[in-house]
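What the coordinates show
Here is what each chain is made of, one letter per residue.
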Amino acid sequence: MKEKIWALMIKRREQIAYLIVGCLTTLVNYAVFALLANAAGLHYLAGNIAAWVAAVIFSYFANGKWVYRTDSRRSVGEAASFVASRLFSLGLETALLFLLVDVLHAGKMEAKLLVAVLVVVVNYLTGLLVFKRGKGAP
């Protein structure tokens with residue numbers, strides 16, 4: 001049984017690592033958002049953008065090293081591609097936050113957490129395009 005679990009973990013290493021890094025990135029995003037939108041009193045959409053920047057910086061380095069295991073040095077071009085791939089998720093997250101908070105009157109912290117689930121999936125798919133370009137990835 002142990003061997004089967006271990007074999008499955010090896011086979012799904014990338015997805016497991018992404019899940020861990022994704023959770024940590026979400027934590028960074030949520031913590032910065034909470035600090036700015038609640039403690040500092042910044043408008044929730046401005047806090048979301050600042051939290052996104054912090055999360056993208058963390059995510060770029062963590063995903064490159066632990067998820068996609070690129071052994072190359074980080075480059076400006078790779079970083080620009082990564083940020084560009086994440087711009088879609090920023091737009092998606094901001095639009096959904098606006099819809100949930102301003103239109104449907106949900107709490108900003110609850111809305112931020114709900115939207116994070118969708119963004120993690122979108123970011124995994126766009127991350128594949130950046131780190132595995134030319135290596136058989138979609």
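The notes below deal with the structure included here. Bear in mind that the values here come from a model prediction, so they are computed numbers and not experimental data.

**A look at the packing of helix α1 (residues 2-11) against helix α2 (residues 13-39)**
Any two packed helices are characterised by how steeply their axes cross, that is the angle between the axes, and by the distance between the axes. With their axes 4 Å apart at the nearest point, α1 and α2 run at an angle of 75° to one another. With respect to α2, the axis of α1 lies roughly perpendicular. Judged by residue contacts, M9, I10 and K11 of α1 engage R13, Q15 and I16 from α2. In terms of residue class, the contact of α1 with α2 is built from 3 nonpolar, 1 polar and 2 charged.

**Examining the packing of aromatic side chains**
One pass over the full model with this rule turns up 1 aromatic pair. Taking the centre distance of 5.0 Å and the plane angle of 70° together, the rings of Y60 and F61 count as edge-to-face. Accessibility expressed as a relative area gives 47% for F61, which makes it partly exposed. Above the ring of F33, the side-chain terminus of K112 is found at 5.0 Å from the ring centroid.

**Concerning the side chain of S59**
With respect to the element layout, S59 can be found in helix α3 (residues 44-67). For S59, a relative accessible area of 4% translates into the label buried. A polar contact of 2.6 Å, which involves the side chain of S59, links it to the side chain of N63. If we skip the residues at most four places from it in the chain, S59 touches T25, G64, F82 and R86.

**With respect to helix α4 (residues 76-103)**
Across its 28 residues, α4 extends 39 Å between first and last C-alpha, which sits within 8% of the 40 Å expected from 1.5 Å per residue. Along its length, α4 reaches its greatest deviation from straightness, about 25°, at R86.

**A few points about unusual backbone geometry**
For H105, which is not a glycine, the phi torsion comes out positive at approximately 60°. Mapping H105 onto the fold places it in the loop between α4 and α5 (108-131).

**Concerning the pattern of salt bridges**
One pass over the full model with this rule turns up 1 salt bridge. The closest approach of N and O atoms between K112 and E93, which form a salt bridge, is 2.3 Å. Residue K112 is found in helix α5, and its partner E93 is found in helix α4; the two are separated by 19 residues along the sequence. Residue E93 is classed as buried on the basis of its relative accessible area of 2%.

**Quick notes on the packing of α2 against α3**
Across the interface, α2 lies against α3 with an axial gap of 8 Å and an inter-helix angle of 155°. The orientation of α2 relative to α3 falls into the category roughly antiparallel. You can see that α2 and α3 cross each other, and the crossing is right-handed. For the contact of α2 with α3, a count of residues per class yields 19 nonpolar, 6 polar and 2 charged.

Parameters and conventions
- Residues numbered from 1 in each chain as written.
- Predicted model: local features only at pLDDT ≥ 70, side-chain atom pairs only at ≥ 80, totals over all residues.
- Heavy atoms only, no water.
- Axes fitted to C-alpha atoms, helices over the stretch in contact; angles between N-to-C directions.
- Helix = DSSP H or I, 4+ residues; strand = E, 2+ residues; numbered from the N terminus.
- Parallel < 35°, antiparallel > 145°, perpendicular 65-115°, else oblique.
- Contact = heavy atoms within 4.5 Å.
- Nonpolar A, V, L, I, M, F, W, Y, C, P; charged D, E, K, R; others polar.
- Phe/Tyr/Trp six-rings, centres within 6.5 Å; stacked < 30°, edge-to-face > 60°.
- Buried < 20%, exposed > 50% of the residue type's maximum accessible area, 1.4 Å probe, protein only.
- Lys NZ or Arg CZ within 6 Å of the ring centre and 35° of its normal.
- Polar contact = N/O pair within 3.5 Å; in protein donor to acceptor, adjacent residues only side chain to side chain.
- Expected span 1.5 Å × (residues − 1).
- Bend = angle between axes of the 7 residues up to and from the residue.
- Salt bridge = Lys/Arg side-chain N within 4 Å of Asp/Glu carboxyl O.
- Left-handed = near helix turned anticlockwise from the far one by under 90°.

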